[in-house]
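The primary structure of each chain is shown beneath.
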Amino acid sequence: MLFWLQEEMAPQELSRRLATVITHVDEIMQQEIRPLVAVDIIEQLHRQFAILSGGRGKDGAPIITFPEFVGFKHIPEEDFLNVMTYLTSIPSVEAASIGFVIVIDRRRDKWSSIKASLTRIAVAFPGNLQLIFILRPSRFIQRTFTDIGIKYYRDEFKMKVPIIMLNSVSDLHGYIDKSQLTEDLGGTLEYRHSQWINHRTAIENFAVTLKTTAQMLQMFGACLATTELPRGVLSTEDLLMSHTGQRDKLQDELKLLGKQGATLLSCIQEPATKSPTRKLNPNQLENVATMERLLLQLDETEKAFNQFWSEHHLKLSQCLQLQHFEHNFHEVKRALDNLLAEQAEFTDIGDSVIRVEQLLKEHKKLEGKGQEPLEKAQLLAVIGDQLIQSHHYAADSIRPRCVELRHLCDDFINENKKKYDILEKSLELHRQLDKVSQWCEAGIYLLASQAVDKCQSREGVDIALNDIEAFLGTAKEYHLPSHMEFYSQFELILTLDLKAKAQEVLQKLGDVQEIFHKRQMSLMKLAARQTRPVQPVAPHPESSPKWVSPKTSQPSTLAPLQRTSEEPCTGTVEKDDKTKLEVKNEEILESSHDGANPEPEQLDGPAHLSPSRRIIRDLLETEEIYIKEIKSIIDGYITPMDFIWLKHLIPDVLQNNKELLFGNIRELYEFHNRTFLKELEKCTENPALLARCFLKRKEDLQMYFKYHKNLPRARAIWQECQDCAFFGVCQRQLDHNIPLFKYLRGPSQRLLKYQMLLKGLLDFETPKDWEIDPGDQEGGSAKNGPKRTKDSAFLAELQQALAMMEDLIKSCELAVDLAAVTGCPDDIRKLGKLLMHGSFSVWTVHKDRYKMKDFIRFKPSQRQIYLFERGIVFCKIRMEPSDQGLSPHYSFKKSMKLKTLSVRQLGRGSNRKFEVANRNGLEKYILQATSKEIRDCWFSEISKLLMEQQNNIKGG
């Protein structure tokens, strides 16, 4: 139901105040006395047969001068009357009541002209006359005629005022001061008739415009007062915008009118402004007074309208504010409800350090995800408070909304803190358990490494006992807790699974401590019986435990590891390795195309499997091997770095940079072991899910970009520390035949493996290759193996997955290059995905010297250029010595966002060049590629990106 806007200031009040303004304007301009305005008789005024110079008589009477004018007697009566009526109505009522003084200058004229002037004045002069001065003709005959004519015709003029005949202007000066006479009458009063007309016309136009504007504001106010108030946000915004636009237009007209009035007033006051000693004549003073009064009425008009508008605008704005508040409240509440629901599902506290760290990241991610809704909710509550404080008419409905928002925010924050504390406690628990396990593993290794033959002497026994005592002393460094301390500290978060794990670890701790106690007792007994020789027996190889648990250090992971480490590696493996693997893959695929039935050994699976399932089986087997390889690196190299007994083997540079050496390899392991492998296993019975699996994990696979970005720094640390004893010990314990860094290149090889397998699936495009598997033909159904056609959705998804993988490989390769750029800012990822890079000759051309001959005079700079989705990066190239001789190194110079750039090809003779310029035109870059093809490729790619950005802006 619509209702009318109720204004605090009634429209009648606005109309009354503006009507008063209109009345005052009429009074100021004496419209009731003088119906004429200057523009109506502009031609008659320009003839200048009568002027109001502004001079005054001795008693203040206004002076009207009739200058010498040829053909005065031919002036139409109506024109004369209009001019006289206009001139006599200009002075104030007080001045006009004194009476007018008329000065008739006929020194060069005849008696007939004087007679005509007096006759017309007697008949048509509309004002009160006080005195008439006549400058008689200077020629003797005309003067004589004038004297005689005055005597004979004085009574005919029917004038009750004196007529004084003067022979010269000097006689006139005896009656009127020279300062009140114009220069043609021998006076000093400055008078320019055209200026006088302009001032009078401008003043009258200003007054008319002021009246018209006041009338328009009356109509506008009445229209606003009867406007119906809409209910919707958009309609209210439209109405407010419409009213504001009309008000702004009227406000601009008022401001313009004010400027015009101020300018006109300054023009009238200009003589006195230029020369402080000069004074304005009474006529000019009256013009100034008139303008000042009109400007006061303009100010009153503006005040009345602004008061009415502010109250109208406030009502409409409050209505819009309430509608926005309600709309935003429902959106924010929905977001907070979803956030709280997601938070309620977050119940896992982890079963290992890696898992808890992953949960903390997810918790941090949830916290970050909730940051924006929380900020919006808190900001909306503040906005609600501001509306209440500003006496909003709907304060009673806004207040409970604010309370509800703050309550939801507090619930999320408090629950978040509670879950964070639990996870921190869980992390501390698992770290304690890991420390205990590591201490036990190291202890078992120590006991296994004590050779019996060395304990045949008292010295050997003492060394063994000292080693044991020293090791048992490290228990304090590890802060190994007792059973009671442990349960007391973590009782609140112990679930059944965690309690079982803790009991197992603590039991293991007790067992190891018991073994050490028995070993000590045995050594002490042996020391007491040195006379009895002991047959030396070396410990059985199988009894020497590894540093990691048997589940993750089985020998079966080592042979495949050596095989997969020879697979192609992005940007780091030789071409021969890649060729071998591609030949092997090609042989498998060719045998499948030819319809042969190779032996099970060749296909690594039963002969009845279709080519697609053989490839998926290969993918799963290599995925498991890949996960075990990463696990062996974590357990065989990263974990032993915390063993106290091995710290003396680790150089400081390695100890301080171990995170850089291994990068985010733990993150890769968690993703593949917990998520990706399980999703790949679902594709065994349904190969159509494979492409979707890769596409679904597109964002997660970006962790490989982070890994490869760190790879150059890892290589530098490895080259510096590869000969340290720690790596040799770890390699021997793992029975690895190749050094660590070969394994660190495994993620690069894995990406190429994914690419190769996806490409292999695409090779089986024809329908015959996707017939139902023999094992699925029973019953005549194809419930497992789908038929594929060339236009199938599966093929499209597979092509997308392959394209995605190729883009990721390319991005990782370029990430390795980009990591070598020194001085590269941290926010470079804001430019989006890295697309292309290459070396160019670059000219920098500024606007003030943009000439083609600059290319000849100035040598270009060599720059390495990287093209991202949203920007371009320029790097300086420098050659530095390395093991392979001089090699290029890059340093960051400049980055530019694409949205600020334009690109164009250069003219004839520049087929390898193109121009990249700032759109403000201040700086341009001429890029020269090594070939026309490279130029065309870069130009096309940049143009496409610019076009996409323009389309996105238009679409937005």
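Residues numbered from 1 in each chain as written. Predicted model: local features only at pLDDT ≥ 70, side-chain atom pairs only at ≥ 80, totals over all residues. Heavy atoms only, no water.

As recorded in an unreviewed UniProt entry, the protein goes by MCF.2 cell line derived transforming sequence-like 2 and comes from Lynx canadensis. You can read under Sequence similarities (unreviewed entry) in the UniProt record for the protein the words "Belongs to the MCF2 family." (UniProt positions renumbered as here; feature names shortened; annotations may be inferred.)

**Focus on the packing of helix α23 (residues 665-681) against helix α24 (residues 689-696)**
Packing of α23 against α24 brings their axes to within 9 Å, and their N-to-C directions diverge by 160°. With respect to their mutual orientation, α23 and α24 come out roughly antiparallel. Crossing of α23 against α24: the hand is right-handed. Residue-level inspection shows F676, E679 and L680 of α23 in contact with α24, the latter providing L690, C693, F694 and K696. Classifying every residue of the contact of α23 with α24 gives 5 nonpolar, no polar and 2 charged. (Axes fitted to C-alpha atoms, helices over the stretch in contact; angles between N-to-C directions. Helix = DSSP H or I, 4+ residues; strand = E, 2+ residues; numbered from the N terminus. Parallel < 35°, antiparallel > 145°, perpendicular 65-115°, else oblique. Left-handed = near helix turned anticlockwise from the far one by under 90°. Contact = heavy atoms within 4.5 Å. Nonpolar A, V, L, I, M, F, W, Y, C, P; charged D, E, K, R; others polar.)

**Here we look at helix α16 (residues 496-528)**
Over its 33 residues, α16 extends 48 Å from the first C-alpha to the last, a length consistent with the 48 Å expected when each residue adds 1.5 Å. Burial in α16 covers these residues: L498, A502, V505, L506, L509, V512, F516, Q520, L523, L526 and A527. (Expected span 1.5 Å × (residues − 1). Buried < 20%, exposed > 50% of the residue type's maximum accessible area, 1.4 Å probe, protein only.)

**Structural notes on the pattern of salt bridges**
Going through the model one piece at a time under the given rule, you end up with 41 salt bridges. For E77, the salt bridge identified is with R120, shortest N-O distance 3.4 Å. Separated by 43 residues along the polypeptide, E77 in helix α3 (residues 77-89) and R120 in helix α5 (residues 111-124) bring together distant segments of the chain. Classification of E77 as partly exposed rests on a relative accessible area of 46%. For R120, a relative accessible area of 9% puts it in the buried group. Residue K894 pairs with E923 through a salt bridge whose shortest N-O separation is 3.0 Å. (Salt bridge = Lys/Arg side-chain N within 4 Å of Asp/Glu carboxyl O.)

**Side note on the pairing of strand β15 (residues 923-928)**
For β15, the tally of buried residues reaches 6 of 6 residues, placing the bulk of the element in the interior. The alternating pattern of β15 places E923, Y925 and L927 on one face and K924, I926 and Q928 on the opposite face, and all of these are buried. Judged from the 6 bridges that link them, strand β9 (residues 834-846) and β15 form a sheet pairing that is antiparallel. By the bridge assignment for β15, V842 is matched with L927. As paired elements, strand β14 (residues 913-918) and β15 share 5 bridges and run antiparallel to each other. Within β15, the position partnered with E915 by the bridge is I926. Here β14 hands over to β15 after 4 residues, with G921 in that stretch at a positive phi of 75°. (Pairing = 2+ DSSP bridges.)

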